[in-house]
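What the coordinates show
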Amino acid sequence: MSAGTYTPRPGAAPLPRMIAAQTALETRMLLRNGEQLLLTVIIPALLLVLFSAVDIIDTGSGASVDFLAPGVLALAVMSTAFTGQAIATGFERRYGVLKRLGASPLPRWALMTAKTLSVLVTEVLQIALLTAIALALGWSPHGNPLSVALLLVLGTAAFSGLGLLMAGTLKAEATLAAANLVFLLLLVGGGILVPLDKFPDAVRSVLELLPVSALSGGLRDVLRHGAPMPWDQAGILAVWAVLGLGAAARFFRWE
C-alpha cells in the first residue's frame, strides 16, 4: 500500500455540490411537513375541485375550470414561495438553525439560493398535480408554455423575496399570523377565485397591482385566451421581485 493513500484533504465541498445537497435537504423537509403539504397541495386541489364542480361564483362564459385553473396555479406558487417559506424560515431563524447554517462553509447567499431552488422543485410537483386534476375536470389550456413558465418564475421570485423579507424581520409567531392572514386576503382579493371585475373600479385598480393578481391574470390571459406574453403583468411581477429580494437581502436578520 502506497504512502498517503488515506491522507485527509480537509476543506469545503465545491459550491455547486453544497447548494445541490442543501436544496435536496430543504425539499425533503418541506415534503415531510404535513402542515406545509396541507397549505401547498391539499387546499389548492380542494378549491379547484370544489369551485369547478359547484357553481358558487360567476366566472363568466365558458367552463368554470378554465377560469379557476390558472388562478389555482397562482395560488400554489404563492402558498409555497411566500406563505410556506415565510413560516418555515421564520421558525428556523427563531430556533437558531439559520445562525448555525450561516456559520457553515455554505455562504449565506447560497443558502437562500438553495431555499429558492427547493421552492421551484416543490412547485413543479404542485403544478403537475394541479394540471392533472384540472385536465380531468375538463380544462382546455391554450397559449405558449414558455410564457407560462416565465410568469411562474417571476411570480416565484416575487413571492420568495416577500416571504424571506417577512421571515427575516418579524418574530416567528408574528410571521405565522401575518403570512396566513395575507394568504387568506389574497385568496379572496387576488383574482384567484373571484374575478377582479366583481370589485369596484377604485378597488380593482389597486388589486391589479398585487403580485398574485398579476400572476393569476397573466396566466389566465395565456392559458384561457391564448394571448401572447402579457408584458404588463410580467412587469408588475418583475418589480415586486426586485423590491422583495432587494429588501430581503438588505434587512434580513439571521438571529
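Residues numbered from 1 in each chain as written. Predicted model: local features only at pLDDT ≥ 70, side-chain atom pairs only at ≥ 80, totals over all residues. Heavy atoms only, no water.

Broken down by element type, the protein chain carries ten helices and zero strands. Going residue by residue from the N terminus, the α and β elements of the protein chain occur as α-α-α-α-α-α-α-α-α-α. The C-alpha radius of gyration computed for the protein chain amounts to 20 Å, which stays within 12% of the reference 18 Å derived for 255 residues, consistent with globular compactness. Overall size of the protein chain, expressed as C-alpha extent along the three principal axes, is 80 × 40 × 35 Å. Here the analysis covers contacts within the protein chain between residues at least 6 apart in sequence; of these, 81% occur between residues at least 24 apart. In the structure as shown, the protein chain presents an accessible area of about 12600 Å², 69% of it carried by carbon and sulfur atoms. Positive and negative side-chain charges in the protein chain, numbering 17 and 14 respectively, have mean positions lying 17 Å apart. (Helix = DSSP H or I, 4+ residues; strand = E, 2+ residues; numbered from the N terminus. Rg over C-alpha atoms; globule rule 2.2 N^0.38 Å. Contact = heavy atoms within 4.5 Å. Areas by Shrake-Rupley, 256 points an atom, 1.4 Å probe, with all protein chains shown as cover. Lys, Arg positive; Asp, Glu negative; His and termini not counted. Charge placed at Lys NZ, Arg CZ, Asp CG, Glu CD.)

So, on to the nonpolar core. Nonpolar side chains in soluble globular proteins tend to be buried together. One finds Leu48, Met78, Leu151, Phe159, Leu193, Leu215 and Leu219 to be the most contacted residues of the largest nonpolar core, which totals 50 residues. Of all the elements in the fold, those that place two or more residues in this core are helix H2 (34–53), helix H3 (64–94), helix H5 (108–136), helix H6 (145–169), helix H7 (172–189), helix H9 (211–225) and helix H10 (231–251). Top element by residues in this core is H3. It accounts for 16 residues. Beyond its immediate chain neighbours, meaning those up to four positions away, Leu219 contacts Pro70, Leu73, Ala74, Val148, Leu151, Leu152 and Arg224. (Core = buried A, V, L, I, M, F, W, Y, C linked by side-chain atoms within 4.5 Å. Buried < 20%, exposed > 50% of the residue type's maximum accessible area, 1.4 Å probe, protein only.)

For Arg220, the location among the structural elements is in helix H9. We note that Arg220 is buried and unpaired, the nearest opposite charge coming from Asp221 at a distance of 7.4 Å. What Arg220 contacts, discounting residues up to four positions off in sequence, is Phe67, Pro70, Gly71, Gly191, Ile192 and His225. (Salt bridge = Lys/Arg side-chain N within 4 Å of Asp/Glu carboxyl O.)

This part is about the packing of H3 against H6. It is the contact of H3 with H6, at a shortest axis distance of 8 Å, that shows an interaxial angle of 25°. Classed by the angle they form, the pair H3 and H6 counts as roughly parallel. For the crossing formed where H3 meets H6, the hand is right-handed. On H6, the residues touching Val77, Met78, Ala81, Phe82, Gln85, Ala86, Thr89, Gly90 and Arg93 of H3 are Leu152, Gly155, Thr156, Phe159, Ser160, Leu162, Gly163, Leu164, Met166, Ala167, Gly168 and Thr169. (Axes fitted to C-alpha atoms, helices over the stretch in contact; angles between N-to-C directions. Parallel < 35°, antiparallel > 145°, perpendicular 65-115°, else oblique. Left-handed = near helix turned anticlockwise from the far one by under 90°.)

Inspection of every chain in the model, using the stated rule, returns three salt bridges. The partner of Arg204 in a salt bridge is Asp201, and the shortest N-O contact between them spans 3.1 Å. In this pair, Arg204 and Asp201 are both assigned in helix H8 (residues 201–207), three residues apart and thus about one turn of the helix distant. Overall, Arg204 belongs to the partly exposed group, its relative accessible area being 24%.

Below, the discussion takes up the environment of Pro105. With respect to the helices, strands and loops of the structure, Pro105 is situated in the loop between helix H4 (97–102) and H5. On a C-alpha basis, the gap between Pro105 and Leu237 in space is 33 Å, while along the polypeptide they are 132 residues apart.

When the terminal C-alpha atoms of H10 are compared, their 30 Å separation across 21 residues agrees well with the 30 Å that a helix rising 1.5 Å per residue should span. Of the residues making up H10, those classed as buried are Gln233, Ala234, Leu237, Ala241, Gly244, Ala247 and Ala248. Residues of H10 that are buried in the fold lie against H6 and H9. (Expected span 1.5 Å × (residues − 1).)

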